[in-house]
Amino acid sequence: MSFPVIKQIKRELLLAFLALLGTLLISLKPGDSVEATNFSVAPLFQQVSSYETTIGDRGDPADIYFPVSKPKTDTKLLPIALFLQGTFVDKSNYSEFASIVARYGFVVVVPNNLNDVLVPFGFPEGFFSEQEQVNQVLDYMKQENRHPDSPVFKLLDPSKLVLLGHSSGGVVGLNAIQGTCILPYCKSEFTRPKELVGGAFYGSNFNLLGQFEQTPTIENDGIPIVTLAGVLDGLATFDSVKETYNQIQKPPKSFISIIGANHYSITNTNNPVGTVPDRNTPTINQNVGIETLARWSALFLRANILQDKDAFNYVYRVGDSFDSNVSVINRVH
């Protein structure tokens, strides 16, 4: 029996079981007593707005996505989420992904960082994330939170910054989490801000340029990281992303396989204009792929940095049984 068929059977059995229980889910950990809790992993907000701005010394254009509707449940101030773009991918291609993550209770910043660091490697100048953006965006958003005319005035929790990333942007995020400065992802000295508390990265191979004989270890100091891999990714292969996950030294960490996804299943369209194309055609619907990646990224971060019990149950216990498009490996301790 094939893997997708087994997952579909698991999903149908679980849904039938939960239907009998209504909206109650029994949540157990070793040594816990049995406790019934309301269970929901739907986005906390229905509506999201965005605005354009410029960030940093060079005035990088950026889009900021934030929830505007009344939340479905009590929420505290919202963490800042910096999205680090993939190589040559314009920020506009991440609008759907960023909007969904924002609905889960984050303010998502998506800059366009024009960079020439890849020119010595034979590439033209183009969009490429770098670590300096981490502190620049954090400083800028702290100012926005204090400015009465800002759309996100007093909406943010400036003590919590998480990183989202695609492809080379995820490599930048991993380097930022371990506080190293390695060309071409970092040009000068870098100090990891104390506010950096988590990361979620798709299609990110920590040995992306092949400059190391083997994938280096990632000294994350216990900062939670989820790596997500498209099974059909032809640019950052599934195995290379899995090895990146293996090299993350301290849990909590998760590895989420997206069945039928290629390198650009996170962008609004497959193979956006100006990018290095993935020759593998995705078999997952583009919108389904985006939603799947956004949901798992947001819930992993909510589970680990906001101690969201529903998100924890979903990520670490039952989510892969609900979702036939994924397979999940977790390490909590």
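Residues numbered from 1 in each chain as written. Predicted model: local features only at pLDDT ≥ 70, side-chain atom pairs only at ≥ 80, totals over all residues. Heavy atoms only, no water.

> I would appreciate a short explanation of the overall build of the protein chain in the present structure.
When helices and strands are counted, the protein chain shows seven helices and 13 strands. Expressed as a percentage of the 333 residues in the protein chain, the buried residues total 54%. Of all intrachain contacts in the protein chain linking residues separated by at least 6 positions in sequence, the fraction that spans at least 24 positions is 72%. About 14600 Å² of surface is accessible on the protein chain, with carbon and sulfur atoms providing 53% of the total. (Helix = DSSP H or I, 4+ residues; strand = E, 2+ residues; numbered from the N terminus. Buried < 20%, exposed > 50% of the residue type's maximum accessible area, 1.4 Å probe, protein only. Contact = heavy atoms within 4.5 Å. Areas by Shrake-Rupley, 256 points an atom, 1.4 Å probe, with all protein chains shown as cover.)

> Before we go on, may I ask you to explain the pattern of salt bridges in this structure?
When charged atoms on two side chains of opposite charge get close, those side chains can pair. Taken as a whole and assessed by the stated rule, the structure comprises nine salt bridges. Note that aspartate 63 and lysine 91 form a salt bridge whose closest N and O atoms lie 3.0 Å from each other. Placement of the pair is aspartate 63 in strand 4 (residues 60-67) and lysine 91 in the loop between strand 5 (78-84) and helix 2 (95-103), with a sequence separation of 28 residues. Neither aspartate 63 nor lysine 91 differs from the other in exposure class; each is buried. Residue arginine 302 pairs with aspartate 308 through a salt bridge whose shortest N-O separation is 2.9 Å. The same class applies to arginine 302 and to aspartate 308, which are both buried. Within the structure, one salt-bridge network assembled from shared partners comprises Lys142, Lys194 and Glu195. (Salt bridge = Lys/Arg side-chain N within 4 Å of Asp/Glu carboxyl O.)

> What is the right way to read the nonpolar core from this model?
Generally speaking, nonpolar side chains in soluble globular proteins are found buried as a group. Residues Phe97, Phe106, Val108 and Leu164 are the most contacted members of the largest nonpolar core, which totals 45 residues. Filtering out sequence-adjacent residues up to four positions away, phenylalanine 106 remains in contact with Tyr65, Phe66, Pro67, Leu78, Pro79, Ala81, Val101, Val162, Ala298, Leu301, Arg302 and Ile305. (Core = buried A, V, L, I, M, F, W, Y, C linked by side-chain atoms within 4.5 Å.)

> Mind showing me how you'd approach helix 5 (residues 238-246) here?
Those residues of helix 5 lying buried are Ser240, Val241, Thr244 and Tyr245. For helix 5, the angular spread of the buried residues around the axis is 145°, confining them to a single face. Each element contacted by the buried residues of helix 5 is listed here: helix 4 (168-178), strand 11 (225-230), strand 12 (253-258) and strand 13 (326-331). (Arc of directions from axis to C-beta.)

> Any chance you could explain the packing of aromatic side chains here in plain terms?
What describes a pair of aromatic rings is the distance from one ring centre to the other and the angle between the planes of the rings. The final tally for this structure, using the stated rule, is nine aromatic pairs. Ring centres of tyrosine 51 and phenylalanine 66 lie 6.0 Å apart, and the angle between their planes is 70°; this geometry places the pair in the edge-to-face category. Separated by 15 residues along the polypeptide, tyrosine 51 in strand 3 (residues 48-55) and phenylalanine 66 in strand 4 bring together distant segments of the chain. Side by side, tyrosine 51 and phenylalanine 66 carry an identical accessibility label, which is buried. Judged by centre distance (5.6 Å) and plane angle (65°), the ring pair of phenylalanine 83 and phenylalanine 97 falls under edge-to-face. Remark: phenylalanine 97 occurs in helix 2 and phenylalanine 83 occurs in strand 5; sequence separation between them is 14 residues. As far as the burial class goes, phenylalanine 83 and phenylalanine 97 line up, both buried. By way of ring pairs, the aromatic residues Phe83, Tyr94 and Phe97 are connected into one cluster. (Phe/Tyr/Trp six-rings, centres within 6.5 Å; stacked < 30°, edge-to-face > 60°.)

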